[in-house]
Each structure stands twice: as C-alpha cells, then as structure tokens.
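# Survey of secondary and tertiary structure
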Amino acid sequence: MSVMKNRAVLRWLVPVTAGVAVIGGGAAVGTFAAGADPALPPRSAAQLLEDLRTSRLDGLSGTVVQRADLGLPPIAALAGRATGNDLAGLVSGTHTLRVWYGGEDRQRLALVDTLGEQDILRNGRDVWTWNSRENTATHRVLPADAPERTTVPATPADAADRALQAIDPTTAVTVGRTATVAGRDVYELVLTPRDKASLVHQVRIALDAKEKVPLRLQVLADGQDEPAFQVAFTQVDFRTPEADQFRFNPPPGVQVTEATEDERPGPAGKRFDRKDAEKPDVRTVGTGWTTVVVAEIGDAATGGDAKPDADAPDAQMLSQVLGDLPKVSGDWGSGRLLSGKLFSVLLTDDGRVIAGLVTPERLYEAAKG
C-alpha cells in the first residue's frame, strides 16, 4: 500500500518533516528594533547558556507569531488536514497564537486565524481541545504518569529547548547583538553548525535580559539572509495567568467527545485508535546537525499511480502533492524527494522516510546503508 493510501503513514510523515525543521529551532517574525541597540552589561556565551539552563518560569502570557518560509510546496497544511492535525500547518506560512503558562500542568494555546480559533488547554490531568469552526471539543483525562508537558510546542522557549540539545563539539556558540523584542531588552545567543554539510547556517536565540527566557528564535538557512523559520513574542507578560484561563467552558451547542484509553488525543472532534497509529521503526544516522532520521514504514512510501481512499478528500489532496514530488533514483533505490531551505525528505519506494537538515546527497548515502 502506498503512503497516499496509508493514513497511519500520513500521520507520521508530518511529525518527521516538521520535527526535523524544529530541531534547528524556529525564528522570529520581527527584525531588530529600529534605533540604537540597548546598552546591556556584557555577558559571555557560557553565561547566556547558563542563564537559559537555570532560568525559572512561574507564569507567562502573550502573543506569539510564527512564520515559515521553507521553500516547500503547500504540503504542510494539506498533511495536517489529512492526518486530522490542523496544527501541523504551523510549519508553513504565518500564524498568530495566544499562549498562557501557569506551570507544568497548566497550559493553554490558541491558534487564531481569519476563520476561527483552535484551543488546547491542560488543567491538571484534564486536556481539552476545541475547534470554533466546527464547534467541537474533545476531553481526555491524562494517566497519573503522563509527561508534564503535553501541549504543542509553539513558543521560542520550546524551540530553544530543541536547539540547545544540538550543542556539542559540532556547534560554535557565540554572542550576537543586543536588541529589543516585545518591548523588552534581550541578549542574542548564536549557534553555528561547524559541519558545512548542514543546511542550517545559524540559530539565533534572543534571551530576555531580566527573566532569562527566550523571546525570539531565528533559523537561517545556508546562503540566506532572512530567517527560513521564525517564532517570536510580539507581546509578553510574566505574571502568572488567572486560574480561569485554564478552565474550559464548552460554548452553547458544542459537541463534546470523551477520549478513551484506547485512543490517543487528536484535534477537537477527532479521535485516533492507538492500534491505527503504531509507530514505525525509527533510527538515526550520523551525529550533530547532520543527523539523518530513517523511519521504516513497512509499506511502499510513494506508491506511483496508487489511488487514494475515495472517502478521504483531504488525503486525496495530500496524495496529489506527494505524487507531484520529483522522482529520484540511484544505487540506493528509487523514490520521491521533498527538499526545502532547511531540510530534505526522501520517500523511498521500499517503504522508508529519510529526513535531515542536510542536502539530498546525504540522504542518498543514508538510504544506501
């Protein structure tokens, strides 16, 4: 069965591609504030790294804007609809989000667009998702041993966590300019991959001078002057939000679905059986910024002329996009290639998804192995 027909495979294609992009971080919407840079006491790269690792955040609310210019076809939004995860579309275009943070077990994220709003709320062990356009909601009670953080990563701090995981001998860490973000003075920490095979040129983290919390994060692709992926606060308040912000009050007429232990949580009104969402066999090749992820899907990943399910129109749209990807072949086999400014993804005919922040040539080497 091809990836166009296998909805479980479709669900895994988006996290693999989006996750590889976010490993390098996200980037800010704004540029440095006009006028002179703020005069701040000098801080070394080591000091800023320690600030990041030891900062404590008790509460926060604000507006975050994400913008992605990855040089990709409109696959992300289509994939999100086909897999039942509209938030997957955050890897393309420009999006405005409202965020509230009241601790590890109290979080809220609202994705706002011209057609409505989608919310994810966690209050203790209760997790709610709501879609205003469909007027549907899903409620799930987390098990006692659930991970502390369960919401969708969407802030500069979330992206910075992933960027900092990449710091090793393959990364040069320096201090950039001081700046102003969301009306607050910030230092800039710059991560530069030493391996020139990486498509990532730099990751820039703007760190609040007082609270030591990332307010902006930029990723620049090799050979590009403007960020390819960016996320930044445009307004931020470090006071702990009121408890009411984390309580979900279903609007009149909303259709509420209770998720069970046999289902994993999905967007509002949509549920996925655990057995239908089995994880593929995933391994990594290489280290640092040139790490390549190899997912063994088990079914053919491209499928040639295979037809999508007739009852899945969004999957049909995604299938068409995937079918339009260029065909590639070599001594490693054959498949289709998705390439952008920051990463490449190879979908092989023998059932593998191979992705990394690298050139297609590096993916072909991994496919050969």
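Anyway, here's the lowdown on the structure attached to this text. (Residues numbered from 1 in each chain as written. Predicted model: local features only at pLDDT ≥ 70, side-chain atom pairs only at ≥ 80, totals over all residues. Heavy atoms only, no water.)

## Let's talk about the overall build of the protein chain
Along the backbone of the protein chain there are six helices and 21 strands. Out of the 369 residues in the protein chain, the part that is buried amounts to 51%. Pairs at least 24 apart in sequence give 61% of the contacts found in the protein chain among residues at least 6 apart. When the accessible surface of the protein chain is totalled, it reaches about 16,800 Å², and 49% of it is carbon and sulfur. (Helix = DSSP H or I, 4+ residues; strand = E, 2+ residues; numbered from the N terminus. Buried < 20%, exposed > 50% of the residue type's maximum accessible area, 1.4 Å probe, protein only. Contact = heavy atoms within 4.5 Å. Areas by Shrake-Rupley, 256 points an atom, 1.4 Å probe, with all protein chains shown as cover.)

## Description of the pairing of strand β11 (residues 214–221)
Most of β11 sits inside the fold, with eight of its eight residues counted as buried. Relative to β11, strand β10 (residues 200–208) runs antiparallel, the two sharing seven bridges. Within β11, the position partnered with Arg-204 by the bridge is Gln-218. Counted between consecutive antiparallel strands, the loop separating β10 from β11 contains five residues, among which Lys-212 sits at a positive phi close to 65°. Examined bridge by bridge, β11 and strand β12 (residues 229–237) share four bridges and lie antiparallel to one another. In the strand pairing of β12, Leu-217 is matched with Val-231. (Pairing = 2+ DSSP bridges.)

## Notes on the packing of aromatic side chains
Considering all chains together, one arrives at three aromatic pairs under this definition. Their ring planes at 35° and their centres at 4.8 Å tell us that Trp-128 and Phe-248 sit as a pair that is tilted. Of the two residues, Trp-128 sits in strand β5 (residues 126–131) while Phe-248 sits in the loop between β12 and β13 (255–258), which places them 120 residues apart along the sequence. For the pair Trp-128 and Phe-248, a shared accessibility class is recorded, and that class is buried. Each ring, one from Trp-332 and one from Tyr-364, has its centre 5.3 Å from the other, and the planes form 10°; the classification is stacked. Placement of Trp-332 in the loop between β18 (327–330) and β19 (333–339) and of Tyr-364 in helix α6 (residues 360–368) is noted, with a sequence separation of 32 residues between them. (Phe/Tyr/Trp six-rings, centres within 6.5 Å; stacked < 30°, edge-to-face > 60°.)

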